[in-house]
Amino acid sequence: MLIPFLAGCTAAPSTATPQRTTRVHVDQINRLNTLSELEDGSAAVIIGQAMSQTATTMRGFPITITTVQVTTVVHGSYPRKSAEIYQLGTATTASEETAAMLKTGHSYLIYISIEKDTDGGPDRTVITGGDGVYEWRDNDYHYVGGPDSRLPQTIASSAVSSRTAAAFS
C-alpha cells in the first residue's frame, strides 16, 4: 500500500494532460455497497460545512486537507467541533475513483474513518471507503463519491433528521 492513510487504496500519480490537470489512479478501493456497510466501517457520520482547504503533498502524492465545521454527529462519536478531512488529489488533480473534492462553503454528510499514521505522525480523518460523502443541495443529500457505487444516490434529509433526533433523545 503506497498511501497508508487511505484505507483499502493504493495509488500512483500519472502524467499531466494538456489541460494541466494531473490524474491520480487508485488501484484498489474497498467499495462498500450499502449505507449499513458504510456506517459500520466508519468511526462517525457527521454533517458539516467545508470552511477552508490546503493543498499539499504527502509521500509524493497530492493531498487536499479540508477543514469542516462539524454541526451534527449523526452516528458514532466525534468530539471535536471541526474535522480536517484528508483526500487524495487537489482541485487540479483528479481521481475519478474516489469522492469529488469537498468544496468550501458547501455542506456535507460525511462518513469518516480515523487512519493511523504508520510513520508515527498524527492520525488523519478520511472519507470512509474514499467515497462515503453526500453533498447537501435541493433539501436532500446527494452522492458525490466515486463511480460504480451501489450506494444510494440520494438520502432524504428527513431520514437523516429523524435518525439524528433519535440518536440524541
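Residues numbered from 1 in each chain as written. Predicted model: local features only at pLDDT ≥ 70, side-chain atom pairs only at ≥ 80, totals over all residues. Heavy atoms only, no water.

Caption draft 1: Summary view of the packing of aromatic side chains. One pass over the full model with this rule turns up three aromatic pairs. With a centroid separation of 5.4 Å and 65° between ring planes, the pair formed by tyrosine 134 and tyrosine 143 is classed as edge-to-face. Across the pair, exposure class does not vary: tyrosine 134 and tyrosine 143 are buried alike. When the ring of tryptophan 136 is compared with that of tyrosine 141, the centres are 5.0 Å apart and the planes differ by 55°; the resulting orientation is tilted. In this structure tyrosine 141 comes out as buried when scored by relative accessible area, which is 7%. Members of the aromatic cluster, joined through ring pairs, are Tyr111, Tyr134 and Tyr143. Sitting over the ring of tyrosine 86, arginine 124 keeps its end group 5.8 Å from the ring centre. (Phe/Tyr/Trp six-rings, centres within 6.5 Å; stacked < 30°, edge-to-face > 60°. Buried < 20%, exposed > 50% of the residue type's maximum accessible area, 1.4 Å probe, protein only. Lys NZ or Arg CZ within 6 Å of the ring centre and 35° of its normal.)

Caption draft 2: Main features of the pattern of salt bridges. Across all of its chains, the model carries four salt bridges by this definition. Between glutamate 135 and arginine 137 there is a salt bridge; the shortest N-O distance is 3.2 Å. For glutamate 135, a relative accessible area of 8% puts it in the buried group. On the basis of relative accessibility, which here comes to 36%, the residue arginine 137 falls in the partly exposed class. (Salt bridge = Lys/Arg side-chain N within 4 Å of Asp/Glu carboxyl O.)

Caption draft 3: How the structure looks around the side chain of glutamate 39. Here glutamate 39 shows up in helix α1 (residues 35-40). The class of glutamate 39 is buried, set by a relative accessible area of 16%. (Helix = DSSP H or I, 4+ residues; strand = E, 2+ residues; numbered from the N terminus.)

Caption draft 4: Local environment of the pairing of strand β5 (residues 82-88). Taking burial as the measure, the seven residues of β5 include five buried ones, the bulk of the element. Strand direction decides the pairing type here: strand β4 (residues 61-76) and β5, joined by seven bridges, are antiparallel. What sits directly across from valine 68, in β5, is alanine 83. The turn joining β4 and β5, which pair antiparallel and follow one another in sequence, is formed by five residues. The sheet contact formed by β5 and strand β8 (residues 124-127) spans two bridges and is parallel. When the sheet's bridge partners are listed, tyrosine 86 is paired in β8 with valine 126. (Pairing = 2+ DSSP bridges.)

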